[in-house]
Amino acid sequence: MKTAPFKFAAIGLLMSAGAAFAGPGAAGHSHGDEAAYGKAGDPKKPARIVRVVMSEKDGKMAFIPDRIEVRRGEQIRFQLRNNGELDHELVLATLEENLKHAIEMQKNPDMEHDDPNAKRLAPKKTGEIVWAFTKAGEFDFSCLIPGHREAGMTGKIIVK
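Residues numbered from 1 in each chain as written. Predicted model: local features only at pLDDT ≥ 70, side-chain atom pairs only at ≥ 80, totals over all residues. Heavy atoms only, no water.

Once that is clear, we can look at the confidence of the model for the protein. Mean pLDDT over the protein stands at 83; residues scoring 70 or higher make up 80%. Contacts for the low-pLDDT stretch residues 1–31, under 50 throughout, to residues beyond four places or in other chains number 29 contacts. (pLDDT = per-residue confidence, 0-100. Contact = heavy atoms within 4.5 Å.)

Shown next, in the form of structure tokens:
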């Protein structure tokens, strides 16, 4: 009977570790599957380029631009640049998925994303996300590093 608390603690630890690495929810880890907000784009196909700058200044964090309009069916090549002094990321999802994922990030702030809808950048670095928007709606992009979304690092994508 003395091993029972240990077994429960080990099970709890394994379950919490799995949740911490789960990412932005089932649809967030699209890996080729289509999510509510679209699917991973094909880098070999034409795409409209949208440049997004990540920065922080005077206690505020921001994406520039923080509002992007897209046509349904359009493929976008997000060219990302972190002009800040801190790591930042862009995670594209539904607002609900990003808010849920932000809670997981609180538990594991160094979580690495290896997903077509997310990119984390060190200061002064660049990267890109190629995404095909297959459905109309309003979607979210946020930096989910703890405190960054709350400091203003969030944006909206409107697909018409």
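Right, let's talk about the sheet that holds strand β8 (residues 126–132) for a bit. Pairing in this open sheet of five strands is mixed, and the strands run β1-β8-β5-β2-β3 from one edge to the other. With partners counted over all chains shown, the strands left at the sheet margins are β1 (39–40) and β3 (60–64), one partner each. Pairing of strand β2 (residues 48–57) with β3 involves five bridges; the strand directions are antiparallel. If you follow Glu 56 over to β3, its bridge partner there is Met 61. (Pairing = 2+ DSSP bridges. Helix = DSSP H or I, 4+ residues; strand = E, 2+ residues; numbered from the N terminus.)

The next thing to look at is the nonpolar core. One finds Phe 78, Leu 90, Phe 133 and Ile 157 to be the most contacted residues of the largest nonpolar core, which totals 33 residues. With four residues, the single largest contributor to this core is strand β6 (residues 88–93). (Core = buried A, V, L, I, M, F, W, Y, C linked by side-chain atoms within 4.5 Å. Buried < 20%, exposed > 50% of the residue type's maximum accessible area, 1.4 Å probe, protein only.)

With that settled, the discussion passes to the side chain of His 88. Residue placement: His 88 occurs in strand β6. In this structure His 88 comes out as buried when scored by relative accessible area, which is 0%. A polar contact of 3.0 Å, which involves the side chain of His 88, links it to the side chain of His 148. Apart from the residues lying within four places of it in its own chain, the contact partners of His 88 are Met 54, Ser 55, Glu 56, Met 61, Asn 82, Lys 119, Arg 120, Leu 121, Cys 143, Ile 145, His 148 and Met 153. (Polar contact = N/O pair within 3.5 Å; in protein donor to acceptor, adjacent residues only side chain to side chain.)

Our focus in this paragraph is the sheet that holds strand β10 (residues 154–159). Taken together, five strands build an open sheet; the order of strands is β4-β10-β9-β6-β7 and the sheet is mixed. Edge positions in the sheet fall to β4 (67–70) and β7 (118–121), since each has one partner strand and no second. Each strand axis lies, on average, 20 degrees off the axis of its neighbour in the sheet, ignoring direction. Two elements, β6 and β7, share four bridges in a ladder whose sense is antiparallel. (Axes fitted to C-alpha atoms, helices over the stretch in contact; angles between N-to-C directions.)

What follows covers the pairing of β10. Here four bridges tie β4 to β10, and the two strands are oriented parallel to one another. Looking at β10, one finds that Glu 69 is bridged to Ile 158. Bridging between strand β9 (residues 137–142) and β10 involves six bridges; their strand directions are antiparallel. The partner of Asp 140 across the bridge, within β10, is Lys 156.

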